Amino acid sequence: MAGAAALAGAASLPVGAGVAAASPATGGEAAAAGTAQPAPFPATSVRPADARYPDLVRGMNQRWSARPDSVRLVADTEQVRDAVQQALDAGQRLTVRSGGHCYEDFVYNDAVKTVIDLSEMTEVRYDEQRRAFEVQAGATLTHVYERLYKAYGVIAPGGVCYSVGVGGHVSGGGWGMLCRRDGLIVDHLYAVEVVVVDARRRARVVVATREPDDPNRELWWAHTGGGGGNFGVVTRYWFRSPGTTGSTPGALLPKPPAEVLLSAVSWSWADLTEQSFVRLVRNYGAWHEAHATAGGPYDGLSANLSLNHRSNGQIGLLTQMDATVPNARGLLDAFLQAVSDGVDAPHGAVTRPLGEHGPMPEFATPRVLPWLQATRYLGVTNAVLVDPTLRGDQKSAYVRRNLPEQQISTIYRHLTRTDFANPNAMVLFSSYGAAVNSVPRDATAQVHRDSAFKLLYQTYWHPAEEDDANIGWLRDLYEDVYADTGGVPVSDRNTDGCYVNYPDIDLNDPKHNRSGLPYTTLYYGENYPRLQRVKAAWDPTDFFRHDQSVKLPG
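What comes next concerns the included structure. (Residues numbered from 1 in each chain as written. Predicted model: local features only at pLDDT ≥ 70, side-chain atom pairs only at ≥ 80, totals over all residues. Heavy atoms only, no water.)

1. Re the sheet that holds strand S11 (residues 259–268)
In step 1: The strand order across the open sheet formed by 7 strands is S14-S11-S13-S12-S16-S17-S15, and the pairing between neighbours is antiparallel. Lying at the two open borders of the sheet, with one neighbouring strand each, are strand S14 (367–370) and strand S15 (391–399). Shown here is a sheet whose adjacent strand axes are inclined to one another by a mean of 20 degrees, direction ignored.
In step 2: Note that strand S12 (residues 301–308) and strand S16 (residues 425–431) share 5 bridges and pair antiparallel. Across the sheet, Leu305 pairs through a bridge with Phe429, a residue of S16.
In step 3: The strands touched by helix H8 (residues 328–340) are S11, S12 and strand S13 (314–322); relative to S13, the strand with the most contacts, the crossing angle is about 155 degrees.
In step 4: Running over the sheet, helix H12 (residues 467–481) touches S15, S16 and strand S17 (453–461) and is turned about 160 degrees from S17. (Pairing = 2+ DSSP bridges. Helix = DSSP H or I, 4+ residues; strand = E, 2+ residues; numbered from the N terminus. Axes fitted to C-alpha atoms, helices over the stretch in contact; angles between N-to-C directions. Contact = heavy atoms within 4.5 Å.)

2. Things to note about the pairing of S11
In step 1: Summarising burial for S11: 9 of the 10 residues are buried, a large majority.
In step 2: Across 4 bridges, S11 lies against S14 in antiparallel orientation. Among the inter-strand pairings, Leu261 is bridged to a residue of S14, identified as Val368.
In step 3: Both S11 and S13 contribute to a ladder of 9 bridges, which runs antiparallel. Bridge assignment links Val265 to a residue of S13, and that residue is Leu317. (Buried < 20%, exposed > 50% of the residue type's maximum accessible area, 1.4 Å probe, protein only.)

3. So, the packing of helix H11 (residues 405–415) against H12
Geometrically, a packed helix pair is captured by the angle between its two axes and the distance between the axes.
In step 1: Close contact between H11 and H12 brings their axes to 9 Å; oriented N to C, the two are set at 165 degrees. Considering the angle they form, H11 stands roughly antiparallel to H12. Considering how the two elements wind past one another, H11 and H12 form a crossing that is right-handed. Of the residues in H12, those in contact with Gln407, Thr410, Ile411, Arg413, His414 and Leu415 of H11 are Trp473, Asp476, Leu477, Asp480 and Val481.
In step 2: Taken together, the residues of the contact of H11 with H12 break down into 5 nonpolar, 3 polar and 3 charged. (Parallel < 35°, antiparallel > 145°, perpendicular 65-115°, else oblique. Left-handed = near helix turned anticlockwise from the far one by under 90°. Nonpolar A, V, L, I, M, F, W, Y, C, P; charged D, E, K, R; others polar.)

4. With respect to the pairing of strand S4 (residues 94–97)
In step 1: Side chains Leu94 and Val96 project from S4 onto one buried face, and the interleaved Thr95 and Arg97 project onto a second face that is buried too.
In step 2: Of the strand pairs in this sheet, S4 and strand S5 (residues 114–117) are connected by 4 bridges, and their pairing is parallel. In the sheet register, Val96 faces S5, and the bridge partner there is Ile116.

5. Concerning the side chain of Glu146
In step 1: If you trace the backbone, Glu146 turns up in helix H3 (residues 141–152).
In step 2: Judged by its relative accessible area of 17%, Glu146 falls in the buried class.
In step 3: Within the structure, Glu146 has its side chain in polar contact with the side chain of Arg376 (distance 2.6 Å). (Polar contact = N/O pair within 3.5 Å; in protein donor to acceptor, adjacent residues only side chain to side chain.)

6. Notes on the pattern of salt bridges
In step 1: The tally for this structure, following the rule as stated, stands at 33 salt bridges.
In step 2: The partner of Asp187 in a salt bridge is Arg449, and the shortest N-O contact between them spans 2.7 Å. Within this pair, whereas Asp187 is found in the loop between helix H5 (179–182) and strand S8 (189–197), its partner Arg449 is found in the loop between S16 and S17, the two being separated by 262 residues in sequence.
In step 3: For Asp187, a relative accessible area of 13% translates into the label buried.
In step 4: When the shortest N-O distance is used, the salt bridge between Arg530 and Glu218 registers 2.5 Å. Of the two residues, Arg530 sits in helix H14 (residues 528–538) while Glu218 sits in helix H6 (residues 217–222), which places them 312 residues apart along the sequence. When sorted by exposure, Arg530 lands in the same class as Glu218, which is buried.
In step 5: Connected via shared salt-bridge partners are Arg400, Arg441, Asp450, Asp496 and Glu526. (Salt bridge = Lys/Arg side-chain N within 4 Å of Asp/Glu carboxyl O.)

7. Re the packing of aromatic side chains
In step 1: Evaluated as defined, the whole model comprises 28 aromatic pairs.
In step 2: When the ring of Tyr478 is compared with that of Tyr482, the centres are 5.2 Å apart and the planes differ by 70 degrees; the resulting orientation is edge-to-face.
In step 3: Judged by relative accessible area, Tyr482 falls into the buried class, the value being 3%.
In step 4: The structure contains a cluster of three or more aromatic residues connected by ring pairs, namely Tyr103, Trp175, Tyr398, Tyr432, Tyr499 and Tyr502.
In step 5: The lysine or arginine in question, Arg130, covers the ring of Trp238, its NZ or CZ lying 4.4 Å from the ring centre.
In step 6: The ring of Tyr398 has Lys454 lying over it, and the distance from NZ or CZ to the ring centre is 5.5 Å. (Phe/Tyr/Trp six-rings, centres within 6.5 Å; stacked < 30°, edge-to-face > 60°. Lys NZ or Arg CZ within 6 Å of the ring centre and 35° of its normal.)

8. Structural notes on helix H2 (residues 77–90)
In step 1: Compared with the 20 Å implied by 1.5 Å per residue over 14 residues, the 20 Å span of H2 between its first and last C-alpha is a close match.
In step 2: Among the residues of H2, Thr77, Gln79, Val80, Ala83, Val84, Gln85, Ala87 and Leu88 are the ones counted as buried.
In step 3: Looking at the buried residues of H2, the elements they touch are strand S3 (70–73), S4, S5, S8, strand S9 (203–209) and strand S10 (232–239).
In step 4: The N-terminus of H2 is capped by Asp76, whose side-chain oxygen sits 3.4 Å from the backbone nitrogen of Glu78.
In step 5: Once H2 finishes, Gly91 follows within two positions and takes phi at roughly 65 degrees, a positive value. (Expected span 1.5 Å × (residues − 1).)

By themselves these figures say nothing about function.
As C-alpha cells, this is what we get:
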C-alpha cells in the first residue's frame, strides 16, 4: 500500500558464507545500455525560486517536507546517473522519490540537498531481449496494471493504492489483493537496473537478474524485500514469473481473474460489546490461520477488516473473491458467515475500509465486477489516499497465529477511548499467506513467509496541532498490544516482526522499542547479515542512507 522512495538495493556476489566472490565492476553494467530508449526530455533542476518547487518537496504525508537545493526531474537512466554523480562531486546528501508514499521522512528531511524525482519515468513495455516486462521505477501501480492487462492480459501482483510508485513498493517486497493466489510482486521479479556508487565514488549503472549464473545475482536478491534507501537508485525493473518458458508475453506473468466478487459489510459500534468485538476479530484470525497454506479454493480471497475508532461509527469488512473458481459465491458466503459467527448481524449498508468515510452500499450484497474495473474502484475510493492535506502515522506487524484475546481486548480499549476521537484512526487486518508462504524465507530478501495475516496500525489527521494526540494514541495502542515483548511484535510463535514498507522510526527508540532488538531484526530477520554483505559490496561508502537503512558490517 505504501513504500519508501525508489532508493533501493543493488548487490553483487560479496564474499561471505555460501556466496562466491565476484567483482562488483563486472557483470551487468554493459547490459544497461542494451535496452536504453531516447530520453523524452532533458534533465531539469528545480530550485527554490521556481514556481514548481513547492509541489516537488513533499510527499503524500504532509508531516514531511524539505528545502533541498534542487529537485532533479529525470527522464532516463543516464540522467539519473548524472544526477547521482553531481551530488557525489558536490558532497551533497541525496534521496529519491518515485510515488511519494514514504511513511517516514526518509526522502524529505533537513539533511537532504538533492532529491531525484522519478515521477516522469513511467514507461511499461515488453522487452523481447529479456522476455520480460520492463517497468520504469516512477510508474504508479495503476498505470502498471492498466498497461499490462490491456496490452497483454497479465498482471504483476502488487498493492491496491493507485498512486504508489513502483520503485519503493517493489524493493520492499510489495503485496496486494492477489497475494494469496499469486504471491508478492517480488516473487515475479526477473531483473533490476540500479545506479550504484563504488569505492572511488563513481556512479555507474548495473543490471542484475535472478539467473543462477548471473555474477550480479545478489543485486536482484536485495531488491526482493531489502527495502528502499540502501544500495542505489532503482531505475527499471523487469518482471517474468519463475518457471515460465517461451516468448509469448501473455504467458510470462499471472493472468488476473476475469471477474471478482466484491463484498462490503459493516458492524455498528453502537451494537458491539467488548465480547462481540473480540469474537469478530478472533473469527477473522481463526479463518486466516486455518487457510494460511496454499492450494485451497480460498487462494483467490483477500479481506480487509478495518477496526476503526469508535468515533467512526462502524467497523468494516471489505472482501474480494476470485469469481471464476467453482462455487465462488458459496465460498464467499461461507467466509462471511465464519467471520460473523456469534456476532450481531452486520449492517450491510455502510462500510469504511481503510478509514474511508464514504458508504459502499452497492456492495452490501456481493457483486461481480470485471477485475480491472474492481481494481480501479478499490484504488481510488479511499478518501485517505486522495486527500493531499492529510498527516499520518503508521506501525505494522505480521501475524502467524490468531491474536490472543488479551491483545484483542487491548485493541478494543484503545479504539473506544473517550479522551481521543478520530474516525481515521484504526487497526487494519489484511489477508496474507497461501502463495506468499510457499516461498522459503531466504529465497528473497522478504523474510516474512509464514504469516496468516498482517496488521497496519494507523491514524490520519489534518492540522499539525493534532500531531501529539494522534502520535501519542498510536504509540499507546501499539506498545500496549505488544507489552509482553517490549512494545514491538518480536518474532515468536504468534508474530513475526514488521513490514519495511511501513517504516516506523519509533523502532529505533529504546523508549518505545524495549525488546532489545534493532529495527533491522524486526524488518529483515535472519536475512539481515546477507543484506549487510550486499551493502559492503555495492555501497561501500554508505552514500545511500537514511535513519533506518541497512548498515555496513562491523
